[in-house]
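# Notes for the structure review
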Amino acid sequence: MQLIQETPDLSSYLAADEVVDHHHPLVRETAARLAERAVDSYDYARMAFEFVRDAIPHSQDFGDLRVTWRASGVLGRRTGICYAKAHALAALLRAEDIPTAFCYQNLGVVHALVAVRFHGAWHRQDPRGNKPGVDARFSLDGECLAFTPDAASNEMDYPVLYAAPHPVVLNALRAAPDRPHLWRTLPTAL
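Before going into details, it helps to say that this report is about the structure given with it. (Residues numbered from 1 in each chain as written. Predicted model: local features only at pLDDT ≥ 70, side-chain atom pairs only at ≥ 80, totals over all residues. Heavy atoms only, no water.)

### Section: the overall build of the protein
Put simply, the rule reads: Strands are runs of DSSP state E lasting at least 2 residues, helices are runs of H or I lasting at least 4, and numbering of each runs from the N terminus. It is over C-alpha atoms that the radius of gyration is taken, and the globule rule equals 2.2 Å times the number of residues to the power 0.38. Accessibility here uses a 1.4 Å probe with only protein chains present; expressed as a share of the type maximum, an area under 20% marks a residue as buried, one over 50% as exposed, and anything in between as partly exposed. Residue contacts are counted whenever heavy atoms from the two residues lie within 4.5 Å of one another. Computed by Shrake-Rupley with a 1.4 Å probe, the accessible areas treat only the displayed protein chains as cover when residues are assessed. Counting rule for charge: Lys and Arg are taken as positive, Asp and Glu as negative, and neither His nor the chain ends is counted. A charge is said to be at NZ when it belongs to Lys, at CZ for Arg, at CG for Asp and at CD for Glu.
Scanning the protein from terminus to terminus reveals 7 helices and 6 strands. Listed N to C, the secondary structure of the protein is β-α-α-α-α-α-β-β-β-β-β-α-α in terms of helices and strands. On C-alpha atoms alone, the protein measures out to a radius of gyration of 15 Å, which is about the 16 Å that the 2.2 N^0.38 rule sets for 190 residues. With the principal axes as the frame, the protein shows a C-alpha extent of 40 × 35 × 35 Å. By the burial criterion, 52% of the 190 residues in the protein qualify as buried. Summarising the internal contacts of the protein: among those between residues at least 6 apart in sequence, 60% fall at separations of at least 24. Summed over its atoms, the accessible surface of the protein is roughly 8500 Å², and 51% of this surface lies on carbon and sulfur atoms. Looking at charge distribution, the protein has the averaged site of its 19 positive side-chain charges lying 5 Å from that of its 23 negative ones.

### Examining the pattern of salt bridges
Selection criterion: Salt bridges are defined as contacts in which a side-chain nitrogen from Lys or Arg sits within 4 Å of a carboxyl oxygen from Asp or Glu.
For the structure shown, the criterion picks out 12 salt bridges. A salt bridge links E29 to R33; the shortest N-O distance between them is 3.7 Å. Of this pair, E29 and R33 both sit in helix α1 (residues 25-37), 4 residues apart, which is roughly one turn of that helix. Residues participating in the shared-partner salt-bridge network are E18, R70 and R174.

This is how it looks when you write it as structure tokens:
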């Protein structure tokens, strides 16, 4: 699949905002702690991915009813669904000047991923969190995502690389008082 940048301006994929608040002290502290052990930016990106994938449980998998959406909130509360975990990973990567985009799949509901830019190309990563039947890994040598869309079921990968989280996703997160409500209102398309 050909990935399409929403904007040609790469600095847009480094920006901080209300959601990707990579200037927040908790985001900076987490990024610094990970960067201390990294030998280069690739190693840092892999470590940040594994941290979000493994140390921040997917709220559905662990029965957490809280809804998080801001990167600092995801890191502070240590919970989130795929959207929130993508926001946290993007903030950690952007904190270390690694261009990061938001991308999505339609799996009956919209699922969030990120894409990182290395060696002049974008590489999609899925920090959702592993569980039986899901084995996502950080890779620049082919995708190791949590899910593969089933075209026969009208599932698909969206090719656009967004500089900011999609408004449909943010609206659902912000409007949800808890995860059961969010589950009933998850976006089914972008």
